[in-house]
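# Inside the fold
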Amino acid sequence: MSRLELRHVRKAFGGLDVLADISLNVGAGEFVSILGPSGAGKSTLFQLLTGAEHGEGEMLFDGAPLDDHGRHFAFMPQRDALMPWRRILDNATLGLEVQGVKRKAARARVAPLFAEFGLAGFERHFPAQLSGGMRQRAALLRTVVQERDMLLLDEPFGALDALTRTAMQRWLEQMWREHHWTALLITHDVREAVFLSDCIYVLSARPARVLREIPVPLPRPRDPTGAAALEAEILDILLNPQPSKGNDHD
Ligand SMILES: Nc1ncnc2c1ncn2[C@@H]1O[C@H](COP(=O)(O)OP(=O)(O)OP(=O)(O)O)[C@@H](O)[C@H]1O
Ligand SMILES: [Mg+2]
């Protein structure tokens, strides 16, 4: 059974159709990506999942209608959401504090993770004193420590330079394998999607519909050179969109 299942989800803002028809599945422990052009409606889909906005269609979690959004999802927003006036340690505890965990207990929970996230020694630094990659790792630390059922990652590496982005993708893939996270990632980077995902949903431009559901059968850990043919196929779908094939969940 899918952990998360969306069936024909739609969303309009006033007269603006943003999501036309989104059906997708994420199984337990899977890494699934949503790949689509800028402005397609990808972040809007996460707004629906986190309960910030309401749409039409069905959203199921473990087979039941999705209601308790906060229990299921740990959300890393598209923009670096670290608070500049809080030290990295206290940024990392934010999600737990929002859940009602006292700051001291929250610090005790996040502190051991700093080494694993490559942030040891930077606990008392402010965000502006870190590199872009480190800031994104801090934001991810804050997200995963909430121990929700699923990670929602909205272009976590979109603002990074190409080299740092590649390093972060490798690091994330390794962390995902070690921690058995269930993850849904938004990206417009084809290579990133192929490198990280078990399955990729390719979306059209706004109003977004699923053009293709593409399983990625490549062995892990991924060999970046083995992915070139699949990357070329997906780029072709994005650049020459055809009506939906292979997304026939009803
Ligand atoms: N709260 C809102 N009210 C009105 N329109 C909105 C709102 N949120 C998003 N939109 C519109 O929905 C469309 C899709 O926006 P969205 O942020 O979901 O795109 P995206 O696929 O995440 O783009 P990008 O890849 O650039 O992040 C845009 O035209 C945007 O202006
Ligand atoms: Mg977005």
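Criteria and cut-off values
- Residues numbered from 1 in each chain as written.
- Chains lettered and ligands numbered in written order.
- Predicted model: local features only at pLDDT ≥ 70, side-chain atom pairs only at ≥ 80, totals over all residues.
- Heavy atoms only, no water.
- Helix = DSSP H or I, 4+ residues; strand = E, 2+ residues; numbered from the N terminus.
- Rg over C-alpha atoms; globule rule 2.2 N^0.38 Å.
- Buried < 20%, exposed > 50% of the residue type's maximum accessible area, 1.4 Å probe, protein only.
- Contact = heavy atoms within 4.5 Å.
- Areas by Shrake-Rupley, 256 points an atom, 1.4 Å probe, with all protein chains shown as cover.
- Lys, Arg positive; Asp, Glu negative; His and termini not counted.
- Charge placed at Lys NZ, Arg CZ, Asp CG, Glu CD.
- Phe/Tyr/Trp six-rings, centres within 6.5 Å; stacked < 30°, edge-to-face > 60°.
- Expected span 1.5 Å × (residues − 1).
- Arc of directions from axis to C-beta.
- Donors = N, O, S within 2.8 Å, 3.2 Å for Na, K, Ca; no water.
- Near = heavy atom within 4 Å.
- Polar contact = N/O pair within 3.5 Å; in protein donor to acceptor, adjacent residues only side chain to side chain.
- Nonpolar A, V, L, I, M, F, W, Y, C, P; charged D, E, K, R; others polar.
- Axes fitted to C-alpha atoms, helices over the stretch in contact; angles between N-to-C directions.
- Parallel < 35°, antiparallel > 145°, perpendicular 65-115°, else oblique.
- Left-handed = near helix turned anticlockwise from the far one by under 90°.
- Salt bridge = Lys/Arg side-chain N within 4 Å of Asp/Glu carboxyl O.

## Observations concerning the overall build of the protein chain
Helix and strand counts for the protein chain stand at ten helices and ten strands. For the protein chain, whose C-alpha radius of gyration is 18 Å, the value lies close to the compact-globule estimate of 18 Å for 250 residues. Judged by the C-alpha coordinates and their principal axes, the protein chain covers about 50 × 40 × 35 Å. The buried share of the protein chain, reckoned over its 250 residues, is 48%. Summarising the internal contacts of the protein chain: among those between residues at least 6 apart in sequence, 68% fall at separations of at least 24. Carbon and sulfur atoms provide 53% of the accessible area of the protein chain, an area that totals close to 11,700 Å². Within the protein chain, one finds 29 positive and 32 negative side-chain charges whose respective centroids are separated by 8 Å.

## Things to note about the packing of aromatic side chains
Overall, the coordinates contain four aromatic pairs when judged by the stated rule. Here Phe 46 and Phe 75 contribute two aromatic rings whose centre-to-centre distance is 6.0 Å and whose plane-to-plane angle is 85°, an arrangement assigned as edge-to-face. In this pair, Phe 46 sits in helix H1 (residues 42–49) while Phe 75 sits in strand S6 (residues 73–76), placing the two residues 29 residues apart along the sequence. Ring geometry for Phe 117 against Trp 171: centres 5.2 Å apart, planes inclined by 70°, an arrangement best described as edge-to-face. In this pair, Phe 117 sits in the loop between helix H6 (113–116) and helix H7 (132–144) while Trp 171 sits in helix H8 (residues 162–179), placing the two residues 54 residues apart along the sequence. The same class applies to Phe 117 and to Trp 171, which are both buried.

## Things to note about helix H10 (residues 228–239)
With twelve residues, H10 should reach 16 Å at 1.5 Å per residue; the first-to-last C-alpha distance of 16 Å fits that figure. Within the sequence span of H10, burial applies to Leu 230, Glu 231, Ile 234 and Ile 237. An end-on view of H10 places all buried positions within 120° of arc, on one side of the element. Exposed residues on H10 whose side chains face more than 90 degrees from its buried face are Ala 229 and Leu 239. Close packing links the buried residues of H10 with strand S3 (31–35), helix H9 (190–196), strand S9 (199–203) and strand S10 (208–215).

## Focus: the coordination of the magnesium ion (ligand 2)
The magnesium ion (ligand 2) binds to the protein through Ser 43 (OG) and Gln 78 (OE1), with metal-donor distances spanning 2.0 to 2.3 Å. Remark: Gln 78 occurs in the loop between S6 and helix H3 (88–92) and Ser 43 occurs in helix H1; sequence separation between them is 35 residues. The partly exposed category is assigned to Ser 43, whose relative accessible area is 26%.

## A word on the site of ligand 1
Of all residues adjacent to ligand 1, which total 16 residues, the nearest are Ser 38, Gly 39, Lys 42, Thr 44 and Gln 78. Note that an oxygen atom of ligand 1 is positioned 2.7 Å from one of the side-chain N or O atoms of Lys 42. Gln 78 is positioned with one of its side-chain polar atoms (N or O) 2.8 Å from an oxygen atom of ligand 1. Considering ligand 1 on its own, with 640 Å² of exposed area, one finds that the protein chains cover 62% of that surface. Contributing elements (two or more residues each) for the shell around ligand 1: strand S2 (16–27) and H1. No other element matches H1, which puts three residues into the shell around ligand 1. When the residues that make up the shell around ligand 1 are grouped by side-chain class, the tally is five nonpolar, seven polar and four charged.

## Overview of the packing of H7 against H8
Where H7 contacts H8, the two axes come as close as 10 Å, and the packing angle between them is 30°. Our classification of the angle between H7 and H8 gives roughly parallel. Of the two possible hands of crossing, H7 and H8 adopt the one that is right-handed. Across from Gly 133, Gln 136, Arg 137 and Leu 140 in H7, the residues of H8 making contact are Thr 164, Met 168, Trp 171 and Leu 172. Among the residues forming the contact of H7 with H8, the class breakdown is four nonpolar, three polar and one charged.

## Thoughts on the side chain of Asp 154
Residue placement: Asp 154 occurs in strand S7 (residues 150–154). Buried charge without a salt bridge: Asp 154, with Lys 42 as the nearest opposite-charge side chain at an N-O distance of 6.8 Å. Those residues in contact with Asp 154 that sit more than four places away from it in its chain are Ser 43, Phe 46, Phe 75, Met 76, Pro 77, Gln 78 and Ile 186.

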